[in-house]
Amino acid sequence: MSQNVDLIFSDCSSYKPRLEKDKKGKKYYSFRTKIKNFNAELLSSIISFSTSILQKPKLIRNIEFIFDSIELQDKLSYIYFECICFYLISQGFVVSVYLQVTRNVVSSGIYDSPIKYLNPPNGNYSLEKFLKEFQVKITRTHLRLWVTSNNDLSSFSSTVVNFLKNLFIIDDKKILFSISNTIGELVGNAIEHGKSDCLVDIDYSDSFIHVQKPDRNFSALNVVILNFSEIKMGDLVKNKIIQSHPRKIGERYQDIKRIYNIHETFFNQEYTENIFWIIASLQHEISGREDTMISGGRGSTKLLKSIIDYSESNYCYIMSGHELVKFHHKLLNEDSQGYVSFSNSDFQSAKPEKEVYSKSKIYLPGVGYNLNFVLEKKDGEDERNKVNI
């Protein structure tokens, strides 16, 4: 398997990169923006800017990304940016990132991101350290590594459990193992569907105050699972069900095919066939593996719901291609057939609610999960640097 980071640059619009000169007259590419939110719109411009440079002769090798005070929308956005920087550096470019971030419940992890080694004002600029921590980093509050195959999942799950235990944020062992099992299930799912390596980044930040509950303290657990592949989430399950003879697949898969035939009448520009197959791939006992024709996985959404129920608030979604599916708390209940419909009705008779799905301005080759959980802190934890949620 491989990391396939280069696939980021396979789908983008044309862009004319800006050239500037330093005090010594040396030319460099400069990316500046007035956008105040680090979101898909900004990432789309960054990808187009970077792609245009990659397509040019490598006569100019210095690149600067300059962001004024900017607010992060979610963790996946800046992890995606890390991957862009990684690939540019791997192609021989010298990348600098001038970044000032407004601290919020999802942004604290960026202070321990390898991007800090690309920020000259920090005083510890190092491409070597960036490349090293891009691959792996394990501290008390930050776990980052690449999972390379399903053979690693048992060891990986143990690593996640130990990481969470050391945080001392969860008394309930059932929830602790639910979190680790969910992450393990989603990682296995991503590897299975994408057939490539999977980046996992988990950070913990504390001392947040809920504006509606000022007498209580909260912490945040932010998780990104990212896999780059030419295979989108849902492709394997779709091919397996559509191309297989009904007698060669189990009843659960036959049922999905029947539901698909109903949902075909719902498809439009917003609710697309791709959205349907992403949701189908998340269902209990559905797998894209060719050697599993009868039953599949344990159901990622069921595991995820147990954590969301435990958390004070959350922002969780899956993205693949241009499609984005949000895990809304009230829409993750199983219907009478054991399916999660992402609607107020059953999976068979209704399409997902409109707030569940959307189109992104960027194309993510493979699959990415953004999981943000706000958890109430135990008594006696450090309460410095409090930030409102």
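To be clear, the structure that these remarks concern was listed above.
Sequence order as written defines the numbering, with residues in each chain counted from 1. Only residues with pLDDT of at least 70 are given local features in this predicted model, and only at 80 or more are side-chain atom pairs given and counted; all residues enter the totals for whole chains, interfaces and linings. As a convention, hydrogens and water are excluded, and side-chain values are obtained from all of the structure's heavy atoms.

A word on the packing of aromatic side chains. Note on ring pairs: Phe, Tyr and Trp rings are taken, using the six-membered ring of Trp, and paired if centres are within 6.5 Å. Classes follow the plane angle, with under 30 degrees stacked, over 60 edge-to-face and the rest tilted. With the rule as written, the count across this model stands at 27 aromatic pairs. When the ring of Tyr271 is compared with that of Tyr357, the centres are 5.4 Å apart and the planes differ by 45°; the resulting orientation is tilted. Placement of Tyr271 in the loop between helix H7 (251–263) and helix H8 (273–281) and of Tyr357 in strand E11 (residues 357–376) is noted, with a sequence separation of 86 residues between them. Classification of Tyr357 by relative accessible area gives buried; the value is 7%. Where Phe276 meets Phe347, the ring centres are 5.7 Å apart and the plane angle is 15°; that geometry is what we call stacked. Put simply, DSSP marks the helices as runs of H or I at least four residues long and the strands as runs of E at least two long, and each gets a number from the N terminus on. The buried label applies to any residue whose accessible area, calculated with a 1.4 Å probe on protein chains only, is under 20% of its type's maximum; exposed applies above 50%, and partly exposed to all values in between.

Time to look at the pattern of salt bridges. We count a salt bridge whenever a side-chain nitrogen from Lys or Arg sits within 4 Å of a carboxyl oxygen from Asp or Glu. One pass over the full model with this rule turns up 13 salt bridges. In this structure, Asp201 and Arg144 form a salt bridge, with 2.7 Å as the shortest nitrogen-oxygen distance. Of this pair, Asp201 sits in strand E8 (residues 198–210) while Arg144 sits in strand E7 (residues 142–147); the two residues are 57 residues apart in sequence, bridging distant segments of the chain. Judged on exposure class, the residue Asp201 and its partner Arg144 are both buried.

Turning next to the pairing of strand E2 (residues 27–32). Sheet analysis places strand E1 (residues 18–21) next to E2, joined by four bridges and oriented antiparallel. Across the sheet, Leu19 pairs through a bridge with Tyr29, a residue of E2. Should DSSP find at least two bridges between two strands, the strands are taken to pair. A loop of five residues connects E1 with E2, the two strands running antiparallel in sequence, and Gly25 in this loop sits at a positive phi of about 85°. Examined bridge by bridge, E2 and strand E4 (residues 62–72) share four bridges and lie parallel to one another. Of the residues in E4, the one forming a bridge with Tyr29 is Ile63.

Here, axes are lines fitted to C-alpha atoms. For helices the fit covers the stretch in contact, and angles between N-to-C directions go from 0 to 180 degrees. Two elements in contact, helix H2 (residues 75–90) and helix H3 (residues 127–135), have axes separated by 11 Å at closest approach and are oriented at 125°. One element, H2, and the other, H3, form an angle in the oblique class. Between H2 and H3 lies a crossing whose hand is left-handed. Listed contacts from H3 to Glu82, Cys83, Cys85, Phe86 and Ile89 of H2 are Leu127, Phe130, Leu131, Phe134 and Gln135. Each residue belonging to the contact of H2 with H3 can be placed in one class, and the counts come to eight nonpolar, one polar and one charged. Throughout this description, any angle smaller than 35 degrees is read as roughly parallel, any larger than 145 degrees as roughly antiparallel, any in the 65 to 115 degree range as roughly perpendicular, and the remainder as oblique. When the near helix sits turned anticlockwise from the far one by under a right angle, the crossing is termed left-handed; a clockwise turn instead gives a right-handed crossing. The criterion used for residue contact is that any of the two residues' heavy atoms lie within 4.5 Å. For this scheme, ten residues count as nonpolar: Ala, Val, Leu, Ile, Met, Phe, Trp, Tyr, Cys and Pro. Four count as charged, namely Asp, Glu, Lys and Arg, and the remainder, Gly too, count as polar.

This part takes up the packing of helix H6 (residues 235–243) against H7. One way to put it is that H6 packs onto H7 with a least axis distance of 10 Å and a crossing angle of 90°. Here H6 is positioned roughly perpendicular relative to H7, judged by the angle of their axes. Contacts between H6 and H7 pair Lys240, Ile241 and Ile242 from the former with Tyr253, Ile256, Lys257 and Tyr260 from the latter. Here the residues of the contact of H6 with H7 sort into five nonpolar, no polar and two charged.

Let's shift gears to unusual backbone geometry. For Asn4, which is not glycine, the phi torsion reads 55° and is therefore positive. When you line up the elements, Asn4 lands in the segment before E1. Non-glycine residue Lys195 carries a positive phi angle of around 55°. One can find Lys195 in the loop between helix H5 (173–194) and E8.

Locating Thr272 in the fold gives a position in the loop between H7 and H8. On the accessibility criterion, Thr272 (13% relative accessible area) is buried. Not counting residues within four places of it along the chain, the set of residues in contact with Thr272 comprises Phe267, Glu323 and Lys359.

Tracing the chain through its elements places Asp74 in the loop between E4 and H2. Buried Asp74, no salt bridge; nearest opposite-charge side chain is Lys326, N-O distance 9.0 Å. Here the side chain of Asp74 touches Ser77 through a polar contact of 2.8 Å, side chain to side chain. Not counting residues up to four positions away in its chain, the partners in contact with Asp74 are Val106, Tyr315, Tyr317 and Asn370. Counting rule for charge: Lys and Arg are taken as positive, Asp and Glu as negative, and neither His nor the chain ends is counted. Definition of a polar contact: a pair of N or O atoms within 3.5 Å, with one able to donate and the other able to accept a hydrogen when the atoms are protein atoms, and with sequence-neighbouring residues admitted only if both atoms are side-chain atoms.

Turning our attention to H6. Along H6, the positions that sit buried rather than exposed are Leu236, Val237, Lys240 and Ile241. Axial view of H6: buried residues confined to an arc of 120°, hence all on one face. What the arc measures is the spread of directions leading from the helix axis to the C-beta atoms.

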